[in-house]
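An overview of the molecular structure
Below are the chains, spelled out letter by letter.
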Amino acid sequence: MATPNIKAPYGAVDQFTIAATGTTSLTILNNRTLIDGVTTPLTGNVIINLALDSRIDAGAKMYFKMNTVGITTITFGTGFSCPVLTGVAGKTFTGAFYYDGTKFLATAAPYQIN
């Protein structure tokens, strides 16, 4: 018997904390996902790759919040269609993506909140 996948809004939003530097690979199972790059601020260049579960629905949403200690590049790799973000030292950025059935696409340019 397959494990049920209770997705947002009925289940919890999936939350991931990414590594401060290097490559982070995430398996996306939910229709709402939060990527946390603030709990562990980014100290070097990062790449975020996604493994996309077949149960994700088109229209799923993903949000991120990143804090950069120095000038840092954030590459949205496998599973995304998005340009590289260059973070400014000591600043926090937010952004959002939607899933078109194949990849997560950026909804707008990231926004610096401080």
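The structure reproduced in this document is the subject of the present report. In this text the structure is predicted, and so the values were computed from the model without any measurement.

The rules we used
The written sequence of each chain sets the order in which its residues are numbered from 1. Local features in a predicted model are, by the rule used here, given only for residues with pLDDT of at least 70; side-chain atom pairs are given and counted only at 80 or more, and totals for whole chains, interfaces and linings are based on all residues. Water and hydrogen atoms were dropped before computing side-chain values, which therefore reflect all heavy atoms in the structure. By the convention used here, strands pair only if DSSP detects at least 2 bridges between them. A helix here means a DSSP run of H or I that spans at least four residues, while a strand means a run of E at least two residues long, and both kinds are numbered starting from the N terminus. Note on geometry: axes are lines fitted to C-alpha atoms, helical ones only across the stretch in contact, with angles between N-to-C directions running from 0 to 180 degrees. Note on definitions: salt bridges are taken to be side-chain nitrogens of Lys or Arg within 4 Å of carboxyl oxygens of Asp or Glu. A 1.4 Å probe rolled over the protein chains alone gives each residue an accessible area, and that area as a share of the maximum for its type sets the label: buried under 20%, exposed over 50%, partly exposed in between. Any two rings among Phe, Tyr and Trp, with Trp reduced to its six-membered ring, count as a pair given centres within 6.5 Å; such a pair is stacked if its planes are under 30 degrees apart, edge-to-face if over 60, and tilted if neither.

All right, on to the sheet that holds strand β4 (residues 46-52) then. Spatial ordering of the open sheet is given by β2-β4-β6-β8, a layout of four strands whose pairing is mixed. Strand pairing shows two members of the sheet lacking a second neighbour, β2 (22-28) and β8 (85-87), which therefore form its edges. Taken over all neighbouring pairs, the strand axes of this sheet differ in orientation by 20° on average, direction set aside. Pairing of strand β6 (residues 72-76) with β8, which is carried by three bridges, proceeds in the antiparallel orientation. Note that in β8 the partner of Ile-74 across the bridge is Leu-85.

So, on to the pattern of salt bridges. On inspection of all chains with the given rule, the structure shows one salt bridge. A salt bridge links Asp-53 to Arg-55, with the shortest nitrogen-to-oxygen separation between them at 2.9 Å. Residue classification places Asp-53 among the buried positions, given a relative accessible area of 18%.

Along the chain, Pro-83 falls in the loop between β7 (80-81) and β8. The exposure class of Pro-83 is exposed, given its relative accessible area of 62%. Distance from Pro-83 to Ala-51, taken between C-alpha atoms, is 19 Å for residues 32 residues apart in sequence.

Counting across every chain of the model gives six aromatic pairs. Measuring from ring centre to ring centre gives 5.4 Å for Phe-64 and Phe-76, while their planes differ by 45°; the resulting arrangement is tilted. Placement of Phe-64 in strand β5 (residues 61-68) and of Phe-76 in strand β6 is noted, with a sequence separation of twelve residues between them. For the pair Phe-64 and Phe-76, a shared accessibility class is recorded, and that class is buried. Seen from their ring centres, Phe-64 and Phe-97 are 5.8 Å apart, and the 40° between their planes marks the pair as tilted. Of this pair, Phe-64 sits in strand β5 while Phe-97 sits in strand β9 (residues 91-99), and the two are 33 residues apart along the sequence. Side by side, Phe-64 and Phe-97 carry an identical accessibility label, which is buried. Counting every residue linked through ring pairs, the aromatic cluster contains Phe-64, Phe-76, Phe-80 and Phe-97.

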